[in-house]
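Coordinates in review
Listed below, chain by chain, are the residues.
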There are 2 protein chains.
Amino acid sequence: MNALRRFSLNQKTIDRWTLRQAVDGCAAAGVEAIGLWREPVHDHGLRAAAKLVRDAGLRVSSLCRGGFFTGEWAGALDDNRRAIDEAAELGAACLVLVVGGLPPGSRDLPSARSRVADAIAELAPYAAARSVRLALEPMHPIYAADRGVLSTLADALDLAERFPAQTVGVAVDSFHTWWDPALAAQVVRAGDRIASVQLADWITPLPPDALLARGMLGDGHIDLRGFVALTDSAGYDGDLEVEIFNADVWAADGDTVLATVRDRLLRHVLG
Amino acid sequence: MNALRRFSLNQKTIDRWTLRQAVDGCAAAGVEAIGLWREPVHDHGLRAAAKLVRDAGLRVSSLCRGGFFTGEWAGALDDNRRAIDEAAELGAACLVLVVGGLPPGSRDLPSARSRVADAIAELAPYAAARSVRLALEPMHPIYAADRGVLSTLADALDLAERFPAQTVGVAVDSFHTWWDPALAAQVVRAGDRIASVQLADWITPLPPDALLARGMLGDGHIDLRGFVALTDSAGYDGDLEVEIFNADVWAADGDTVLATVRDRLLRHVLG
């Protein structure tokens, strides 16, 4: 069990579970931390969700997700302020930000990246006042057009470093960053900016739906053991959150998926 | 016509055409340059292919492709020497190298990248002796596991710069590199190392087969006009090769595809 003490289940890995089922599933399996998503939290009710998780003794390793700054501006900022409030209520270690892709019809990446920087400048004081840590998530370049124009950890750090480390950190996800030849150097640079470490594998052939392309730990090409050792060496000692978007994983029984994740963590990552 | 004088048709864009059909199609449409692939050249016969292209007055903007250095070593080097011989016979401006992905079962990216460097060191003298220019192609990170472990232009240049610029250059493809926040700086750095410029668009949703995911010019998210202006500003004045791997494009009539490419070049890139 001890090797798994840092294991956090991102609830999206078992998409069929309600919040209550996820909390019960974690408790039954001895999982000590959970990564929450806003939609199931809303379905349960925010205050009730906070109480449910607290009463279960679970750490909330992250709330997913804010961001999407590159579309309508005022609405995005309002929604992100609500997300910050929710992260505060839930006691989440961070609010993960998926920054958004190119606006419809735009081919201007630098402008979209600049818009993201403006949004963080707007939101950082609001987050700081509520002791919520924002976590900029560099996304795999496969999503640069439609999900996240921050494509590298270097990019995310260039932006994060304009703000205090306790207010703006980074989320480092193996699936998004494993290919990056600069990864090792940038993880060291990140140091105490690392607000979240997420794990999923890169599998080939890539599944047909790019949004559900993440692989079960050990099924793919990423040196996940080395990835965790790297973030450890940068001083990160927080939760290791397993987040897998994959149609086959989503179709499987939740308890079975959770058992598989634990087994794979022990065999391929932590053991 | 004049705006199209740098247009080269990579023959893979019209996959159904034989070499002769591609040469005839280019001649009929007034296209002055062609990017060749080894397989259709072999089908036609190397010497006959060289004569066919020469007699048609076509420049050969590239031969695709060598590389795949990360599997069996001796066979890969032998095959690449043959590819260099073919590029020399065809008078190709460069031999494009797709360096290969992770070896089967390996999760060691640094070791695979090191293997690529060793291969280039082996091949560079052989290429130089035949006045063939090798073009290292950084591949989109979506292909890091299974096609090319060189993921960024910076990576490719770090390797290319160990050798004379006339022997080892880089191929800069819009589809592979457009997302890179360091692209502008690295294209300037590349300067006369740019041996090939290739064009395809990035479309969303990404087609189900990642290997056929490239979009027709203008259908996607890339600022292709800005991309060409960037390579121009670095001093590149060679051919602009359109290379589109896409099931719908491949299913269409060849002459129609060629007409569409010319139209899109004028509307979205050069005009």
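Residues numbered from 1 in each chain as written. Chains lettered and ligands numbered in written order. Predicted model: local features only at pLDDT ≥ 70, side-chain atom pairs only at ≥ 80, totals over all residues.

1. Describing the overall build of chain A
Formally: Only DSSP runs of H or I covering at least 4 residues are called helices, and only runs of E covering at least 2 are called strands; the numbering of each starts at the N terminus. Atoms counted for the radius of gyration: C-alpha only. Globule rule: 2.2 Å times residue count to the power 0.38. Contact between two residues is assigned whenever their backbone-derived C-beta positions fall within 7 Å.
Within chain A, the regular secondary structure consists of 11 helices and 10 strands. The C-alpha radius of gyration of chain A comes to 17 Å, within 12% of the 18 Å expected for a compact globule of 271 residues. In chain A, once contacts between residues fewer than 6 apart in sequence are set aside, the share between residues at least 24 apart is 79%.

2. Structural notes on helix α6 (residues 153-160) of chain A
As a reminder of what qualifies: Residues with at least 20 neighbouring C-beta atoms inside 10 Å of their own are called buried, those with 12 or fewer are called exposed, and the rest are partly exposed, where every C-beta is derived from the backbone.
Within α6(A), the full set of buried residues consists of A:Leu153, A:Asp155, A:Ala156, A:Leu157 and A:Ala160. In the core, the buried residues of α6(A) are packed alongside β5 (134-136), β6 (168-173), α7 (174-177) and α8 (183-190) of chain A.

3. Regarding the sheet that holds strand β4 (residues 95-98) of chain B
Residues and elements named next belong to chain B. Formally: Strands pair, by our definition, only if DSSP identifies at least two bridges between them. Between the N-to-C directions of two axes lies an angle of 0 to 180 degrees, each axis being a line fitted to C-alpha atoms and, for a helix, fitted only over the stretch in contact.
A barrel is described by the order of its strands in space; here eight strands give the closed sequence β1-β2-β3-β4-β5-β6-β7-β10, paired in parallel fashion. Adjacent strand axes in the sheet meet at a mean angle of 30° when their direction is disregarded. As paired elements, strand β5 (residues 134-136) and strand β6 (residues 168-173) share three bridges and run parallel to each other. Bridge assignment links Leu136 to a residue of β6, and that residue is Val170. Sheet contacts for helix α5 (residues 109-129): β5 and β6; angle to β5, the most-contacted strand, approximately 150°.

4. Some remarks on helix α9 (residues 224-233) of chain B
Residues and elements named next belong to chain B. Stated precisely, the cut-off is as follows: What the arc measures is the spread of directions leading from the helix axis to the C-beta atoms.
By the burial criterion, the buried members of α9 are Leu224, Phe227 and Thr231. Along the axis of α9, the buried residues cluster in a sector spanning 55°; they form a single face. Every exposed residue of α9 that faces more than 90 degrees away from the buried side is listed here: Ala229 and Ser233. Looking at the buried positions of α9, the neighbouring elements they touch are β6, α7 (174-177), α8 (183-190), β7 (194-199), β8 (201-202) and α11 (254-270).

5. With respect to the sheet that holds strand β10 (residues 240-242) of chain A
Residue and element names in this part refer to chain A. With respect to topology, eight strands assemble into a closed barrel ordered β1-β2-β3-β4-β5-β6-β7-β10, the strand pairing being parallel. For this sheet the average axis-to-axis angle between neighbouring strands, irrespective of direction, equals 30°. Of the pairings in the sheet, the one linking strand β1 (residues 7-10) to strand β2 (residues 33-37) comprises three bridges and is parallel in character. Considered in β2, the bridge of Asn10 is made with Gly35.

6. Here we look at the relation of the copies chain A and chain B
For clarity, the cut-off: The copies were overlaid with a least-squares fit restricted to C-alpha atoms from residues scoring a pLDDT of at least 70 in each copy.
If you rotate chain A by 180° and push it 0.0 Å along the axis, it lands on chain B with an RMSD of 0.0 Å. The two molecules are tied by a two-fold rotation axis, judged by turn and shift. For chain A, the smallest separation between a C-alpha atom and the rotation axis is recorded for A:Pro208, amounting to 2.0 Å. Comparing interface residues between copies, 100% of those in chain A also lie at the interface in chain B; the contact surface is shared.

7. Some details on the interface of chain A and chain B
Often, the extent of an interface is quoted as the loss of accessible area on bringing the components together. Defined as follows: Three classes are used, and their members are as follows: Ala, Val, Leu, Ile, Met, Phe, Trp, Tyr, Cys and Pro are nonpolar, Asp, Glu, Lys and Arg are charged, and the others, Gly among them, are polar.
Taken together, the contact pairs 23 residues of chain A with 23 residues of chain B. Each residue belonging to the side of chain A that touches chain B can be placed in one class, and the counts come to 13 nonpolar, five polar and five charged.

8. Regarding the packing of helix α3 (residues 46-55) of chain A against helix α4 (residues 73-90) of chain A
Between two packed helices, what matters for the description is the angle formed by their axes and the separation of those axes. All names here are of chain A. Where we set the bar: By the definition used in this description, the sense in which the near helix is turned from the far one sets the handedness, with an anticlockwise turn below a right angle giving left-handed and a clockwise turn giving right-handed.
Following both chains from N to C, one finds α3 and α4 inclined at 35°, their axes separated by 9 Å at the closest point. In terms of crossing hand, the pair formed by α3 and α4 is right-handed. Residues Leu46, Arg47, Ala49, Ala50 and Val53 of α3 touch α4, and the partners they reach there are Glu86, Glu89 and Leu90. Residues that form the contact of α3 with α4 fall into these classes: five nonpolar, no polar and three charged.

9. Observations concerning unusual backbone geometry
For the bond from A:Cys64 to A:Arg65, the omega torsion is 0°, close enough to zero to count as cis. As for its position among the elements, A:Arg65 is in strand β3 (residues 59-67). The backbone of B:Phe68 shows a phi angle near 55°, a positive value even though the residue is not glycine. Summarising the element assignment, B:Phe68 is placed in the loop between β3 (59-67) and α4 (73-90). With a phi angle near 55°, B:Ser131 is a residue other than glycine that sits in the positive phi range.

10. A word on the environment of B:Arg54
Residues and elements named next belong to chain B. Tracing the backbone through its elements, the reader meets Arg54 in helix α3 (residues 46-55). The exposed category is assigned to Arg54, around which 12 C-beta atoms lie within 10 Å. Once the C-alpha coordinates of Arg54 and Gly91 are considered, the two residues, 37 residues apart in sequence, prove to be 8.8 Å apart.

11. Examining the packing of α4(B) against α5(B)
All names here are of chain B. We count it as follows: Our angle categories are set so that under 35 degrees counts as roughly parallel, over 145 as roughly antiparallel, 65 to 115 as roughly perpendicular, and the remainder as oblique.
It is the contact of α4 with α5, at a shortest axis distance of 10 Å, that shows an interaxial angle of 30°. With respect to α5, the element α4 is oriented roughly parallel. With respect to the hand of their crossing, α4 and α5 are arranged in right-handed fashion. Contacts between α4 and α5 involve Ala76, Leu77, Asn80, Arg81 and Ile84 from the first element and Ala119, Glu122, Leu123, Tyr126 and Ala127 from the second. Grouping the constituent residues of the contact of α4 with α5 by class yields seven nonpolar, one polar and two charged.

12. Details of the confidence of the model for chain A
Short version of the rule: pLDDT measures the predictor's confidence residue by residue and takes values from 0 up to 100.
For chain A, mean pLDDT is 97; residues scoring 70 or higher make up 100% of the total. Our summary of model confidence lists the complex with pTM equal to 0.97 and ipTM equal to 0.95.

13. Things to note about the pairing of β3(B)
One face of the sheet, then the other: side chains in a regular strand alternate in exactly this way. Residue and element names in this part refer to chain B. Here is the rule: When the strands point away from the viewer and the connection leading from the first strand across the helix to the second strand turns clockwise, the crossover is called right-handed.
Among the nine residues of β3, eight are classified as buried, and the element is accordingly described as predominantly covered. Direction of pairing for strand β2 (residues 33-37) relative to β3: parallel, over a ladder of five bridges. Of the residues in β3, the one forming a bridge with Ile34 is Val60. Strand direction decides the pairing type here: β3 and β4, joined by four bridges, are parallel. Residue pairing in the sheet places Leu63 in a bridge with Leu95 of β4. With α4 bridging β3 and the parallel β4, this β-α-β connection has right-handed handedness.

14. Comments concerning the environment of A:Arg38
Residues and elements named next belong to chain A. One can find Arg38 in helix α2 (residues 38-44). A count of 20 C-beta atoms within 10 Å places Arg38 in the buried class. Considered as a pair, Arg38 and Leu63 are 25 residues apart in the sequence and their alpha carbons are 6.9 Å apart. Contacts of Arg38, omitting those with residues within four sequence positions, involve Leu63, Ala83 and Glu86.

15. Structural notes on the environment of B:Asn246
All names here are of chain B. Locating Asn246 in the fold gives a position in the loop between β10 (240-242) and α10 (247-251). On the basis of neighbour counts, which here come to 22 C-beta atoms within 10 Å, the residue Asn246 falls in the buried class. A C-alpha to C-alpha distance of 20 Å links Asn246 and Cys26, two positions 220 residues apart in sequence. With residues near it in sequence (within four places) discarded, Asn246 still touches Pro207, Leu212, Arg214 and Gly215.

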